[in-house]
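Spelled out, the chains give:
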Number of protein chains: 2
Amino acid sequence: MEQKLVNMPKTKRGLVTLEKITQSAEIEFGTKGYYSTSINDITKKANVALGTFYIYFPDKFSLYCYLLNQYSHDIRKFIAMKTESCEGRIDTEKLGLLGFLEVIKLKPYMYNIIWESLYVDKSLFIEYYESFALKYIIRLNSGKRKNEIRDIDSTVIAYVLMGISNFIGLKYVMFEKDEDLEAIVDQVMDVLKHGIFL
Amino acid sequence: MEQKLVNMPKTKRGLVTLEKITQSAEIEFGTKGYYSTSINDITKKANVALGTFYIYFPDKFSLYCYLLNQYSHDIRKFIAMKTESCEGRIDTEKLGLLGFLEVIKLKPYMYNIIWESLYVDKSLFIEYYESFALKYIIRLNSGKRKNEIRDIDSTVIAYVLMGISNFIGLKYVMFEKDEDLEAIVDQVMDVLKHGIFL
């Protein structure tokens, strides 16, 4: 059986402490990187005793994996929430992309932490995007059955859409601030509806 | 005046040594990361004396910047070569994407090294993609004047295309091996020609 990444607290107070630890880890990993961050750095930043860390996590690696899982979960949950009343694939993609951009606005270290997994453990990086793609593919296939999506390989479309979201996020959330994200999303949707060529 | 990143050798033998150093740096940075790699690791791997390093580079950071510049230059040069006889934007995009996938097949550490710049010096990361985008935008604008490209913001299109190339590269070069890259590129071109929706 796989080792548990986290011992979930049973009390509200425990949840608050866990949250303090993961938020501090996000900042420490996100600015200094995984290897330059010690458990001591994290607990100091979180203002908890070093021993408290081990109530929740067996080691630094487990906390890192837990953070990656949280990102994946948070992004999907937020997008699901944004798109729950959407009818049809076009609206879902549009509000989904907008939701993604809003999430990374709230999580400025997300790219750093996810992409550092290339060094921490490449299989985590692959697993992160493959599991994201897999859920996308299921929805695209359902869109195909409803005649909403053209007959293009669903894995290709999934990675095309993930690439677009991530790089539009880099440009209009990380590189520039205060962009009109809805106007950007409209431009992207124009590409997804009609392509780029005349 | 900016400090020079590299003292370019004037002899063929010097060029060979420089090449040995940069290739070793690529492997060391690519596997252990920038911060865990010492100049000593690089010269050892390159089988040259530690002092030899300083004939070419003032420090590790300069070598790292030089590598990033080389990637950017190599990718553009290879794509320009692949697409020089192309007529029209559709063909250029198609062979350009194929060229990009072929380059990263030859440079397995490219993603690691470029994306680690988020930690090494974020402005390098931004500069890397912004300068790439800028050259793309010039070509897209020229395509618009020739009525080959639809009236969508060129910066948005540039980042859409860069996102697609990078994530299709992740999936079909890094995650999977021996994929039929031409068939994948055909599927991507279908998206770029007609969009994804029915």
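An account of the accompanying structure is given in this report. (Residues numbered from 1 in each chain as written. Chains lettered and ligands numbered in written order. Predicted model: local features only at pLDDT ≥ 70, side-chain atom pairs only at ≥ 80, totals over all residues. Heavy atoms only, no water.)

1. Quick look at the packing of helix 8 (residues 154-175) of chain A against helix 9 (residues 181-194) of chain A
Residue and element names in this part refer to chain A. Here is the rule: Structural elements are reduced to axes, namely lines fitted to C-alpha atoms, with helices fitted over the stretch in contact, and the angle between N-to-C directions of any two is expressed from 0 to 180 degrees. Numbering goes from the N terminus for both helices and strands, where a helix is a DSSP run of H or I of at least four residues and a strand is a run of E of at least two. With respect to orientation, any angle under 35 degrees is reported as roughly parallel, any angle over 145 as roughly antiparallel, any angle of 65 to 115 as roughly perpendicular, and every other angle as oblique. Helix crossings get a hand from a simple test, with the near helix turned counterclockwise from the far one by less than a right angle marking a left-handed crossing and a clockwise turn marking a right-handed one. Two residues form a contact once any of their heavy atoms are found within 4.5 Å. Three categories are distinguished: nonpolar for Ala, Val, Leu, Ile, Met, Phe, Trp, Tyr, Cys and Pro, charged for Asp, Glu, Lys and Arg, and polar for the others, with Gly belonging to the last.
Between helix 8 and helix 9, the least distance of the axes is 12 Å, while the angle of their chain directions is 150°. What the angle tells us is that helix 8 and helix 9 run roughly antiparallel. Judged by the twist between their axes, the crossing of helix 8 over helix 9 is right-handed. For the pair formed by helix 8 and helix 9, the contact residues are Leu161, Ile164, Ile168, Tyr172 and Val173 on the first element and Leu181, Ile184, Val188 and Leu192 on the second. Residues of the contact of helix 8 with helix 9, tallied by class, amount to 9 nonpolar, no polar and no charged.

2. Some details on the relation of the copies chain A and chain B
Applying a rotation about an axis and a shift along it to one chain copy brings it onto the other copy. Selection criterion: Here the copies are matched by least squares. The fit uses the C-alpha atoms of residues with pLDDT of at least 70 in both.
Mapping chain A onto chain B calls for a screw motion: a turn of 180° about the axis and a shift of 0.0 Å along it, with 0.0 Å RMSD after fitting. Those values place the two copies in the arrangement expected of a two-fold rotation axis. Counting the interface residues of chain A, we find that 100% of their copies in chain B are interface residues as well, pointing to one common contact surface.

3. Observations concerning the interface of chain A and chain B
Applied cut-off: Reported buried area values correspond to the accessible surface (1.4 Å probe) lost by two parts on association, with both partners' losses combined. By definition, a salt bridge exists where a carboxyl oxygen of Asp or Glu is found within 4 Å of a side-chain nitrogen of Lys or Arg. Counting of polar contacts relies on pairs of N or O atoms within 3.5 Å, with two restrictions inside protein: one atom must be capable of donating a hydrogen and the other of accepting it, and residues adjacent in sequence are counted only when both atoms are side-chain atoms.
Counting residues at the interface gives 57 residues for chain A, matched by 57 residues for chain B. Roughly 5200 Å² is buried in total at the junction of chain A and chain B, and carbon and sulfur atoms are behind 73% of that figure. A salt bridge links lysine 171 of chain A to glutamate 130 of chain B, with the shortest nitrogen-to-oxygen separation between them at 3.0 Å. Our count for the chain A to chain B interface comes out at 22 residue pairs in polar contact (both at pLDDT 80 or more). Those elements that place two or more of their residues in the side of chain A that touches chain B are helix 1 (12-32), helix 5 (89-106), helix 6 (110-120), helix 7 (122-145), helix 8 and helix 9 of chain A. If one sorts the elements of the side of chain A that touches chain B by residue count, helix 8 of chain A sits on top with 17 residues. Looking at the side of chain A that touches chain B residue by residue, the classes come out as 33 nonpolar, 11 polar and 13 charged.

4. A word on unusual backbone geometry
Trans peptide bonds make up the majority, and among non-glycine residues the majority have a negative phi. Here asparagine 47 of chain B, not a glycine, exhibits a phi torsion of approximately 65°, which is positive. As for its position among the elements, asparagine 47 of chain B is in the loop between helix 2 (39-46) and helix 3 (50-56).

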